[in-house]
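Descriptive structure summary
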Amino acid sequence: MPTGLQKAKAFLADEYLHEIQTLFDARYFYYKAKCFHSFKVHDAPHNLKLALCIVTGDVKYAYCGPSCAAGKSGFRNHILALMMKVLQILFMIAKTFMI
């Protein structure tokens, strides 16, 4: 399993994501969340922002905040964790409608 995916799964499993918010318009779903640092829990969290195209599912915008060193290098594990959380929520909602 790729290292980035392992880290994202760890952020998700260890519940580093908080205050997840969502909005939408005719073209995009917008998500905001806070993600605490894996080893620096007393530092301010990363402010995540994500925009997904409703039609294609493409990522329009993904931002980890200026404090994320990994995000500057192109590895956005925090964003991947947020995307995985969004999928979990959507699957949970879909299950409730299928019953």
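Digging into the overall build of the protein chain
Helix and strand counts for the protein chain come out as three helices and four strands. Listed by position from the N terminus, the elements making up the protein chain come as α-β-β-β-β-α-α. For the protein chain, the proportion of its 99 residues judged to be buried stands at 28%. Partitioning the intrachain contacts of the protein chain with sequence separation of at least 6 by distance along the chain shows that 40% fall at a separation of at least 24. When the accessible surface of the protein chain is summed, it comes to about 7,100 Å², and 64% of that surface belongs to carbon and sulfur atoms.

So, the pairing of strand S1 (residues 17-24)
In terms of strand pairing, S1 meets strand S2 (residues 28-35) through six bridges, oriented antiparallel. Paired with Leu-17 across the two strands is Cys-35, which belongs to S2. Turn length for the S1-S2 hairpin, with the two strands adjacent in sequence and antiparallel, is three residues.

Thoughts on the nonpolar core
Generally speaking, soluble globular proteins have nonpolar side chains that are buried together. Leu-17, Tyr-31, Cys-35, Leu-48, Leu-50 and Leu-82 are the most contacted members of the largest nonpolar core, which totals 17 residues. Among the elements of the structure, helix H1 (3-13), S2, strand S3 (46-53) and helix H3 (77-98) are those that each provide at least two residues to this core. Per element, the largest residue contribution to this core is five residues, and it comes from H3. For Leu-48, the contacting residues outside a window of four places in its chain are Leu-17, Tyr-31, Lys-32, Ala-33, Cys-35, Tyr-63, Cys-64, His-78, Ile-79 and Leu-82.

Here we look at the environment of Ile-20
By the secondary structure assignment, Ile-20 is in strand S1. Classification of Ile-20 as partly exposed rests on a relative accessible area of 33%. With 28 residues separating them in the primary sequence, Ile-20 and Leu-48 have C-alpha atoms 9.2 Å apart. In this structure, Ile-20 is in contact with Lys-32, Ala-33, Leu-82 and Lys-85, ignoring residues within four places of it in sequence.

Looking at the packing of H1 against H3
Packing of H1 against H3 brings their axes to within 8 Å, and their N-to-C directions diverge by 60°. For the element pair H1 / H3, the angle class is oblique. Between H1 and H3 lies a crossing of right-handed hand. Side by side, H1 and H3 meet where Gly-4, Leu-5, Lys-7, Ala-8, Lys-9, Phe-11 and Leu-12 of the first sit next to Asn-77, His-78, Leu-80, Ala-81, Met-84, Lys-85 and Gln-88 of the second. In the contact of H1 with H3, the residues fall into seven nonpolar, four polar and three charged.

Things to note about a nonpolar patch on the surface
Nonpolar side chains collect at one region of the surface, where Ile-20, Leu-87, Ile-89, Leu-90, Phe-91, Met-92, Ile-93 and Phe-97 lie side by side and expose about 810 Å² of accessible area between them. Structurally, Ile-93 is set in helix H3. Given the relative accessible area of 41%, Ile-93 is considered partly exposed.

Cut-offs and rules
Residues numbered from 1 in each chain as written. Predicted model: local features only at pLDDT ≥ 70, side-chain atom pairs only at ≥ 80, totals over all residues. Heavy atoms only, no water. Helix = DSSP H or I, 4+ residues; strand = E, 2+ residues; numbered from the N terminus. Buried < 20%, exposed > 50% of the residue type's maximum accessible area, 1.4 Å probe, protein only. Contact = heavy atoms within 4.5 Å. Areas by Shrake-Rupley, 256 points an atom, 1.4 Å probe, with all protein chains shown as cover. Pairing = 2+ DSSP bridges. Core = buried A, V, L, I, M, F, W, Y, C linked by side-chain atoms within 4.5 Å. Axes fitted to C-alpha atoms, helices over the stretch in contact; angles between N-to-C directions. Parallel < 35°, antiparallel > 145°, perpendicular 65-115°, else oblique. Left-handed = near helix turned anticlockwise from the far one by under 90°. Nonpolar A, V, L, I, M, F, W, Y, C, P; charged D, E, K, R; others polar. Patch = residues over 30% accessible without salt bridge, like charges linked within 9 Å, V, L, I, M, F, W, Y side chains within 5 Å. Salt bridge = Lys/Arg side-chain N within 4 Å of Asp/Glu carboxyl O.

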